[in-house]
Amino acid sequence: MATISNSELRRALAERVRFYNELGIYDFYAREPRTASTADEGSSIPKISAYSREEMSPRKSSVVAKAEMQLVSPEHNISDPVAALRLIREDLGDCTRCKLHQQGRKQIVFGVGNPRADLLFVGEGPGADEDAQGEPFVGRAGQLLNNMIKAMGLRREEIYIANVVKCRPPGNRTPERDECETCSPFLMRQIAAIKPKVIVALGAVSAKNLLAINAPMSELRGRFYDFMPTGVASDPEWRGAKLAVTYHPAFLLRDPRQKGEAWKDLQMVMKYLGLKPPTAPV
Ligand code: SF4
């Protein structure tokens with residue numbers, strides 16, 4: 001049986017750590033492996049346990065699928081979400097971590113809103129209007145989202161809005177898996193900094209990336225999920241968020257008959273947050 005030398009293992013680990021550094025991940029905890037590692041028993045190199053996708057709970061994100069490591073990010077000890085988000089944005093920089101950086105994006109669309117929001121909406125990625133203005137949900141779909149927020153008795157400035165990927169996919173195509181996997185650690189860090197009470201995943205791409213569940217919208221909607229951002233060390237006092245799934249506003253523009261269903265999802269969120277029922281539906 002082929003054996004792995006210490007130097008090969010060190011080189012492989014160095015490459016893996018460099019990969020995580022490029023994602024904005026700097027410090028790691030080594031967890032107890034579930035199975036024997038191929039590393040030399042006497043080696044001082046920390047063992048990283050490998051999990052197959054089947055072994056993983058569906059609650060773990062694709063980021064965790066890459067290694068059983070937990071991120072201690074630069075903003076970890078910063079309790080002020082404004083400062084934490086600023087650090088995350090600085091860390092993102094003029095990002096070239098995935099191929100979307102060279103497919104026509106005008107700018108990175110980081111996120112917008114109240115850094116202390118109880119409610120966070122997560123879409124899939126910027127479209128043309130968002131790419132032009134540097135803000136998520138500002139086009140027609142954004143107008144509809146604004147109406148949905150108003151109907152909940154809230155103002156856009158009171159909530160936070162972000163996307164799974166922060167650069168516009170060309171032609172508004174669906175972001176690809178590698179793009180989502182590369183960008184989503186920054187979303188996880190945003191969530192850990194904001195510590196919302198409720199996250200609403202807008203559309204299947206957002207829901208599947210946040211929940212790491214591959215299921216149709218009909219199965220994803222209509223219930224709350226317990227959500228904790230993965231791959232990032234969050235405030236131990238924070239017990240995580242409730243996550244609800246609803247239709248993406250762009251989908252509702254194409255099929256307005258589903259607005260009633262989306263409204264049911266939002267009413268579930270309102271009830272949980274104790275928001276006053278509006279006088280008129282979406
Ligand atoms: S989508 Fe995310 S990971 Fe990809 S280039 Fe843009 S900011 Fe970087």
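Everything numeric here is computed off the predicted structure, so don't read it as measured data.

## Some thoughts on the overall build of the protein chain
Counting its secondary structure elements, the protein chain contains 10 helices and 8 strands. Within the span of the protein chain, comprising 282 residues, buried residues form 48% of the whole. Partitioning the contacts of the protein chain with sequence separation of at least 6, the portion at a separation of at least 24 is 72%.

## Brief notes about the sheet that holds strand S8 (residues 241-246)
Note: strands within a sheet are paired through backbone hydrogen bonds, in either parallel or antiparallel orientation. If you trace the 6 strands from one edge of the open sheet to the other, you get S3-S5-S4-S6-S8-S7, paired in mixed fashion. The open sheet has two free edges, formed respectively by strand S3 (112-113) and strand S7 (225-227), since each of these has just one partner strand. By the bridge criterion, 5 bridges tie strand S6 (residues 198-202) to S8 in an arrangement that is parallel. Across the sheet, residue Val200 finds its bridge partner in S8, namely Ala244. Sitting on the sheet, helix H7 (residues 204-211) touches strand S4 (119-123), S6, S7 and S8, and the angle it makes with S6 is about 130°.

## Looking at helix H6 (residues 177-194)
For H6, spanning 18 residues, the distance from its first C-alpha to its last is 25 Å, which sits close to the expected 26 Å at 1.5 Å a residue. The principal kink in H6, of about 35°, is found at Cys183, preceding the proline Pro185 by one to four residues. H6 sits mainly inside the fold: 16 of its 18 residues count as buried. Lys195 lies just past H6 and shows a positive phi near 55°.

## Digging into the side chain of Thr246
Mapped onto the elements of the fold, Thr246 is located in strand S8. On the accessibility criterion, Thr246 (0% relative accessible area) is buried. Reaching out from Thr246, the side chain makes a polar contact with the side chain of Asp265 at a distance of 2.6 Å. For Thr246, the residues in contact, after removing those within four places along its chain, are Val200, Ala201, Leu202, Gly203, Met217, Arg221, Ala262 and Asp265.

## A short note on the side chain of Ser234
Residue position: Ser234 is located in the loop between S7 and S8. Owing to a relative accessible area of 16%, Ser234 belongs among the buried residues under this scheme. With residues near it in sequence (within four places) discarded, Ser234 still touches Ala192 and Met228.

## What to know about the nonpolar core
With 64 residues, the main nonpolar core has Leu119, Phe121, Met152, Ile199, Leu210, Leu243 and Val245 as its most contacted residues. Of the residues forming this core, the biggest block, 9 residues, is contributed by H6. Not counting chain neighbours up to four residues away, the residues in contact with Leu243 comprise Ile199, Ala201, Leu210, Leu211, Arg223, Phe224, Tyr225 and Phe227.

## Concerning the site of the ligand
As a matter of local geometry, the ligand sits amid Leu92, Cys95, Arg97, Cys98, Leu100, His101, Arg105, Lys166, Cys167, Thr182 and Cys183. In terms of residue class, the shell around the ligand is made up of 6 nonpolar, 2 polar and 3 charged.

## Overview of the environment of Leu252
Mapping Leu252 onto the fold places it in helix H9 (residues 249-254). Relative accessible area serves as the criterion here: at 2%, Leu252 is assigned to the buried category. Spatially, the C-alpha atoms of Leu252 and Ala141 are 8.3 Å apart, while their sequence positions differ by 111 residues.

## Overview of the packing of helix H3 (residues 81-92) against H6
At a minimum axis distance of 9 Å, the contact between H3 and H6 shows a crossing angle of 170°. With respect to their mutual orientation, H3 and H6 come out roughly antiparallel. At the point where H3 passes H6, the crossing takes the right-handed sense. Facing Pro81, Ala84, Leu85, Ile88, Asp91 and Leu92 of H3, the residues of H6 in contact are Phe186, Arg189, Gln190, Ala193 and Ile194.

Rules and cut-offs
- Residues numbered from 1 in each chain as written.
- Predicted model: local features only at pLDDT ≥ 70, side-chain atom pairs only at ≥ 80, totals over all residues.
- Heavy atoms only, no water.
- Helix = DSSP H or I, 4+ residues; strand = E, 2+ residues; numbered from the N terminus.
- Buried < 20%, exposed > 50% of the residue type's maximum accessible area, 1.4 Å probe, protein only.
- Contact = heavy atoms within 4.5 Å.
- Pairing = 2+ DSSP bridges.
- Axes fitted to C-alpha atoms, helices over the stretch in contact; angles between N-to-C directions.
- Expected span 1.5 Å × (residues − 1).
- Bend = angle between axes of the 7 residues up to and from the residue.
- Polar contact = N/O pair within 3.5 Å; in protein donor to acceptor, adjacent residues only side chain to side chain.
- Core = buried A, V, L, I, M, F, W, Y, C linked by side-chain atoms within 4.5 Å.
- Near = heavy atom within 4 Å.
- Nonpolar A, V, L, I, M, F, W, Y, C, P; charged D, E, K, R; others polar.
- Parallel < 35°, antiparallel > 145°, perpendicular 65-115°, else oblique.
- Left-handed = near helix turned anticlockwise from the far one by under 90°.

Interpretation in functional terms is not warranted from these geometric data alone.
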